[in-house]
Amino acid sequence: MCGIVGLARPELGRAEGGRLIAAMCATIVHRGPDGAGSFVEPGIGLGMRRLSIIDVAGGQQPMGNEDGQIQIVFNGEIYNHRILRRRLEQGGHRFRTRSDTEVIVHGYEEWGDDVLHQLRGMFGFALWDRRKGRLLLARDRLGIKPVYVWQSSGGVAFASELKALRVLPDFPREIDPLALTKYLAFGYVPEPLCIWRGVSKLGPGECLTWSREAGVELRTWWSPLRSPLPAIAENEAVTELRRLLSEAVSCHLESEVPLGAFLSGGVDSSAVVAQMRLLLDRPVQTFSIGFAEHEFDEAPHAALVAAALGTQHTEEVLRADIDALADELVLSFDEPFADASALPTWLVSRLARKRVTVALSGDGGDELFAGYTRYAEVLRGRTLSAVAGRAAGLVGRRLPASARGRGFLLNAARSAEGRFAATVALPLLPEEGGVVRHGLLQGDARLEHLLDELFSRTRGHDLGTRMALVDVMSYLPGDILTKVDRMSMKVSLEARVPLLDHELAEFALRLPHSLKRRQGVTKWVFRRAVEPLVPPAVLSKPKQGFGVPLVHWLRGPLRHRLDGLAEPSSPVYRFCDAAATERILAEHRTGHRDHSTQLWRLLVLETWLCRFAA
């Protein structure tokens, strides 16, 4: 596991390239405290910081082939590297190390860019082919590992984190208004956008090539959009899921350093830990975080599950000074990012890092197996006729923004896709309850149309599967995996997500929604698959999610941060409608409405603007 950086510019000299690569690497030491490396020659520079996991002694990077014509910097893990190594050795390739990094190098020699389809794992890497004068950047299928790209000066710069690009002397400092409005809608900046104009994120399953002659070419090499499975019996699906889960967890266990798992006590993390228990010859080390606010505290349940599974369990109750931690939390992401559960993710990662270097998590199960209650909310809703829908929308829009029942009428007027959008996004338009200035908005900014482009790709699937696919293409990489990557790497901990093993994910996404939710029970087929593994209390406990007491914080230790949010002196003032902002502040302070999610997004943006865009 590492952090990677690099530059490909025709005019780049060796001395300048060396200085810039060193400066970029210095910003991401937390991603790789065990070592550093660089490869620099005219026109190209690659750098990395290493967190040693596999082949601790021999896996230094950058790594090349026998004659040095290929060089790679790699962030991630390739879980089938031993299988690929045997195939490549049978084809005549000779290896100098035991690392998975070298497998990519020889795999590229053998298969070219098609090496991507051979890799099973999480990765972001840059490979320089000196003979062709060509750079290949690639990101794993589900977007577990990040790659930022900035195109400029006839070339490209890239990095695992945005902070490494900001040290470049000619880096742009202009905010992208579209990215900012998307942030205010979703709470994160979705791929391919970046908060800085001219910078983009390589999307899940995408690769980019650059050469002096051809410039930049971007393509998608993998997509979650596959045809549904032909009719499959429930018992057949259960059997296959058990096999895939065992295989996925097994290949995620390779490590030369201490390894453990996050355990919330929910179905997903419990299933991962239970499978680890069967595969390891020692007790699993597990970690959980709790809250002093009991309605949000899952630590006692996690402790019961840990006891039933016989793990070596460590827990911590979050009693820290939230106000003191807020700024460091916000600034760790480089872009505005407002998922408040990043705080407990950071703290449980910090707790785990005291004992292990690698931790498995249960992330991804909700998207793959319809675990979100919002899916059921959309499916329960009834789409009105065109006439009735227009009437409900017209009445709703004419009511004051704070009027009771207004939201119900607006939602009733929406299509099923629009109702889903309303479960994952906040309105932007002030007349819909949003706070964004009209001058900042582009195109159709109505809430119900924010996900139209993604939904258009999912035709041919049932509605439940379409919602899950949209989440896999947006919320999963943009929010969940971004949160896990940044907060774990902040403390130099490698987080692995075995439920997002691509073979397991591809199978799950092709299952019909009717196998995933039945009789009001979420994750039906997955629950059946793991029933022999997990304690009964796991399956009987209602879903709680990784919620945080944000409303308490904003009416308690963070309340003072709301003061002046709607004033001209606030950095967010130029982006937000002052009257709309003042309204939600007043409603929140009086307890008339809970606007904690929207207010937290504004506070995060204010903190980020003060630090990076002042």
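Thresholds applied
Residues numbered from 1 in each chain as written. Predicted model: local features only at pLDDT ≥ 70, side-chain atom pairs only at ≥ 80, totals over all residues. Heavy atoms only, no water. Helix = DSSP H or I, 4+ residues; strand = E, 2+ residues; numbered from the N terminus. Buried < 20%, exposed > 50% of the residue type's maximum accessible area, 1.4 Å probe, protein only. Areas by Shrake-Rupley, 256 points an atom, 1.4 Å probe, with all protein chains shown as cover. Lys, Arg positive; Asp, Glu negative; His and termini not counted. Charge placed at Lys NZ, Arg CZ, Asp CG, Glu CD. Core = buried A, V, L, I, M, F, W, Y, C linked by side-chain atoms within 4.5 Å. Contact = heavy atoms within 4.5 Å. Phe/Tyr/Trp six-rings, centres within 6.5 Å; stacked < 30°, edge-to-face > 60°. Lys NZ or Arg CZ within 6 Å of the ring centre and 35° of its normal. Pairing = 2+ DSSP bridges. Axes fitted to C-alpha atoms, helices over the stretch in contact; angles between N-to-C directions. Salt bridge = Lys/Arg side-chain N within 4 Å of Asp/Glu carboxyl O. Arc of directions from axis to C-beta. Polar contact = N/O pair within 3.5 Å; in protein donor to acceptor, adjacent residues only side chain to side chain. Parallel < 35°, antiparallel > 145°, perpendicular 65-115°, else oblique. Left-handed = near helix turned anticlockwise from the far one by under 90°. Nonpolar A, V, L, I, M, F, W, Y, C, P; charged D, E, K, R; others polar.

> Teacher, can you tell me more about the overall build of the chain here?
On a plain count of helices and strands, the chain comes out with 25 helices and 17 strands. Considered along the principal axes of its C-alpha atoms, the chain spans approximately 70 × 55 × 50 Å. Among the 614 residues that make up the chain, the fraction classed as buried is 61%. Put simply, the chain shows about 22,900 Å² of open surface, and 51% of that area lies on carbon and sulfur atoms. Here the chain carries 76 positive and 73 negative side-chain charges, and the mean point of each set is 2 Å from the other.

> What is the right way to look at the nonpolar core in this model?
As a rule of thumb, nonpolar side chains are buried together in soluble globular proteins. One finds Phe-125, Leu-165, Trp-196, Met-276 and Trp-600 to be the most contacted residues of the largest nonpolar core, which totals 186 residues. Counting residues per element, this core draws most heavily on helix α25 (residues 596-612), at 9 residues. Beyond its immediate chain neighbours, meaning those up to four positions away, Trp-600 contacts Tyr-183, Leu-329, Val-330, Ala-338, Asp-339, Ala-340, Leu-550, Leu-554 and Leu-558. Core analysis: the next-biggest nonpolar cluster, separate from the first, contains 19 residues, Met-48, Leu-135, Phe-158 and Trp-210 among them.

> What is the right way to look at the packing of aromatic side chains in this model?
Two numbers describe a pair of aromatic rings. These are the distance of the centres and the angle of the planes. One pass over the full model with this rule turns up 13 aromatic pairs. For the pair Trp-196 and Trp-608, a centre-to-centre distance of 5.3 Å together with 45° between the ring planes defines the contact as tilted. Linking Trp-196 in the loop between α6 (177-186) and β10 (199-201) with Trp-608 in helix α25, this pair joins segments that are 412 residues apart in sequence. Trp-608 shares its class with Trp-196; the two are buried. Taken together through their ring pairs, the aromatic side chains of Trp-150, Phe-171, Trp-196, Trp-608 and Phe-612 make up a single cluster. The ring centre of Tyr-475 lies 5.4 Å from the NZ or CZ of Arg-374, which sits over that ring.

> It is not clear to me how the sheet that holds strand β14 (residues 285-291) should be interpreted in this structure. Could you clarify?
Backbone hydrogen bonds are what pair the strands of a sheet, in a parallel or an antiparallel way. If you trace the 5 strands from one edge of the open sheet to the other, you get β15-β14-β13-β16-β17, paired in parallel fashion. Every other strand in the sheet has two partners, leaving β15 (312-318) and β17 (494-496) as the edge strands with one partner each. For this sheet, the mean inter-axis angle between neighbouring strands, taken without regard to orientation, is 30°. Bridge analysis of strand β16 (residues 358-360) against β17 gives 3 bridges, and the strand direction is parallel. Paired with Leu-360 across the strands is Arg-496, a residue of β17.

> I'm lost on the pattern of salt bridges in this one. Help?
Oppositely charged side chains may form a pair once their charged atoms are brought near each other. The final tally for this structure, using the stated rule, is 41 salt bridges. With a shortest N-O distance of 3.0 Å, Arg-374 and Asp-471 are connected by a salt bridge. Here Asp-471 lies in helix α18 (residues 463-473) and Arg-374 lies in helix α13 (residues 373-380), a separation of 97 residues in the sequence. Pair check on accessibility: Arg-374 and Asp-471 agree, each one buried.

> It is not clear to me how the sheet that holds strand β12 (residues 215-220) should be interpreted in this structure. Could you clarify?
Taken together, 6 strands build an open sheet; the order of strands is β4-β5-β6-β7-β11-β12 and the sheet is antiparallel. At either margin of the open sheet sits one strand with a lone partner, and together these are β4 (63-64) and β12. Inspection of the sheet shows strand β7 (residues 134-139) paired to strand β11 (residues 206-211) by 5 bridges, in the antiparallel sense. Paired with Leu-137 across the strands is Leu-208, a residue of β11.

> Can you help me understand helix α10 (residues 322-331) in this one?
Owing to its 3.6 residues per turn, the α-helix brings residues three or four apart onto one side. Among all positions in α10, only Ile-322, Leu-325, Ala-326, Leu-329 and Val-330 are buried. The arc that holds the buried residues of α10, viewed along the axis, is 130°, so those residues lie on one side. Those residues of α10 hidden inside the fold are in contact with β15, α11 (342-353), α19 (475-489), α23 (550-554) and α25. Measuring from the backbone nitrogen of Asp-323 back to the side-chain oxygen at the start of α10 gives 3.1 Å, which picks out Asp-321 as the cap.

> What am I meant to see in the packing of helix α8 (residues 267-279) against helix α9 (residues 299-309) here?
In a packed pair of helices, the relevant descriptors are the angle between the two axes and the axis-to-axis distance. Running from amino to carboxyl end, α8 crosses α9 at an angle of 20°, the nearest separation of the two axes being 11 Å. It follows that α8 is roughly parallel to α9 by the angle criterion. The two elements α8 and α9 meet at a crossing, and its hand is right-handed. Across the interface between the two elements, Ser-270, Val-273, Ala-274 and Arg-277 of α8 pack against Val-305, Ala-308 and Leu-309 of α9. When grouped by side-chain class, the residues that make up the contact of α8 with α9 number 5 nonpolar, 1 polar and 1 charged.

> Help me understand the packing of α18 against α19, please; the structure alone is not making it clear to me.
Contact geometry for α18 and α19: axes closest at 4 Å, N-to-C directions at 55°. Here α18 lies oblique to α19, going by the angle between them. Residues Val-470, Asp-471, Val-472 and Met-473 of α18 pack against Tyr-475, Leu-476 and Pro-477 of α19. By residue class, the composition of the contact of α18 with α19 is 6 nonpolar, no polar and 1 charged.

Functional significance is not addressed by these values, which are geometric in nature.
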